[in-house]
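Letter by letter, the chains look like this.
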Amino acid sequence: MMPPLDMMEHENLTDLEVRQGIKTGIIQYGGNRKLKIYGTLKCKSGKRMKRENRVFFGTEREAIAMGYRPCGHCSQELFKKWKDGFVQQ
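Within every chain, residues take consecutive numbers counted from 1 along the sequence as written. Selection of residues for local features in this predicted model requires a pLDDT of at least 70, selection of side-chain atom pairs for listing and counting requires 80 or more, and totals for whole chains, interfaces and linings are taken over all residues. Side-chain numbers come from the whole structure's heavy atoms, not from hydrogens or water.

Quick word on the packing of aromatic side chains
Short version of the rule: To pair, rings of Phe, Tyr and Trp, with the six-membered ring standing in for Trp, must have centres within 6.5 Å; the planes then decide the type, stacked if under 30 degrees apart, edge-to-face if over 60, and tilted in the middle. Each residue is assigned to one of three classes by its accessible area relative to the maximum for its type, calculated with a 1.4 Å probe on protein chains only: buried under 20%, partly exposed between the two thresholds, exposed over 50%.
Scanning the entire structure with this criterion turns up 3 aromatic pairs. A ring pair is formed by Y29 and Y38, whose centres lie 6.1 Å apart and whose planes are at 85 degrees; its orientation type is edge-to-face. The same class applies to Y29 as to Y38, namely buried.

Written out as structure tokens, the structure is:
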């Protein structure tokens, strides 16, 4: 079983580790390493990104602490707050 980490790179995980991380709640959010955007695991935008750009987080707080911003598609309210300057990185 994987230990909780601030950020996990998809290319360094096996498919089984990803599934186990999601099932156990260690992985709750996905992000794009190049664009510094995070969102839900069900986001259509997130599902289209390349594996080498995908990272995983356990919490939104971890993603924000790592300098990621909310996705404008799956996290519209948080994105609006971020855009208006209410979510600090």
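Focus: a positive patch on the surface
The test is simple: Nonpolar side chains (Val, Leu, Ile, Met, Phe, Trp, Tyr) within 5 Å and like charges within 9 Å form the patches, drawn only from residues with over 30% relative accessible area and no salt bridge. Only the protein chains shown count as cover for residues, with accessible areas throughout obtained via the Shrake-Rupley method and a probe of 1.4 Å. Salt bridges are counted wherever a side-chain nitrogen of Lys or Arg sits within 4 Å of a carboxyl oxygen of Asp or Glu. Lys and Arg are tallied as positive, Asp and Glu as negative. Neither His nor the chain termini are counted. Charge coordinates come from a single atom per side chain, which is NZ of Lys, CZ of Arg, CG of Asp or CD of Glu. Strands here mean DSSP runs of E at least two residues long; helices mean DSSP runs of H or I at least four residues long; both are numbered from the N terminus.
On the surface, K42, K44, K47 and R48 cluster together to form a positively charged patch. Residue placement: K47 occurs in helix α2 (residues 44-48). The exposed category is assigned to K47, whose relative accessible area is 57%.

Details of the sheet that holds strand β3 (residues 37-40)
Put simply, the test is: Between any two strands, at least two bridges found by DSSP are needed for them to pair.
Reading across the sheet, the 5 strands line up as β1-β4-β2-β3-β5 and stay open at both edges, with mixed pairing between neighbours. For this open sheet the edge positions go to β1 (8-9) and β5 (69-70), each flanked by a neighbour on one side alone. Relative to β3, strand β2 (residues 29-32) runs antiparallel, the two sharing 4 bridges. Looking at the pairing, N32 lines up with I37 of β3.

Quick look at the nonpolar core
Here is the rule we go by: In plain words, nonpolar cores are sets of buried Ala, Val, Leu, Ile, Met, Phe, Trp, Tyr and Cys residues tied together by side-chain atoms within 4.5 Å. Contact criterion: two residues are considered in contact whenever any of their non-hydrogen atoms come within 4.5 Å of each other.
By size, the foremost hydrophobic cluster in this structure holds 7 residues: Y29, Y38, V55, F57, A63, I64 and Y68. Those elements giving two or more residues to this core turn out to be β4 (54-57) and α3 (60-65). In contact with V55, not counting residues within four places along its chain, are M7, M8, E9, H10, Y29, G30, G31, N32, R33 and Y68. By size, the runner-up hydrophobic cluster in this structure holds 6 residues, among which are L13, V18, I26 and F56.

A few points about the layout of surface pockets
Applied cut-off: Of the two site types, the cavity is a set of points on a 1 Å grid over the protein atoms alone where a 1.4 Å probe fits but cannot get out, and the pocket is an open set with protein on both sides within 12 Å along at least five of seven lines, each lined by residues with an atom within 4 Å of a point. Grid points are joined across faces, edges and corners, and a volume is the space filled by probe spheres set on the points.
Estimated volume of the largest pocket: approximately 330 Å³. Around the largest pocket sit 23 residues that line it, and G30, S45, G46, K47 and M49 are the ones nearest its centre. Per-element tally for the lining of the largest pocket: the top contributor is β3, with 4 residues.

Read these as layout, nothing more, since geometry by itself doesn't imply function.
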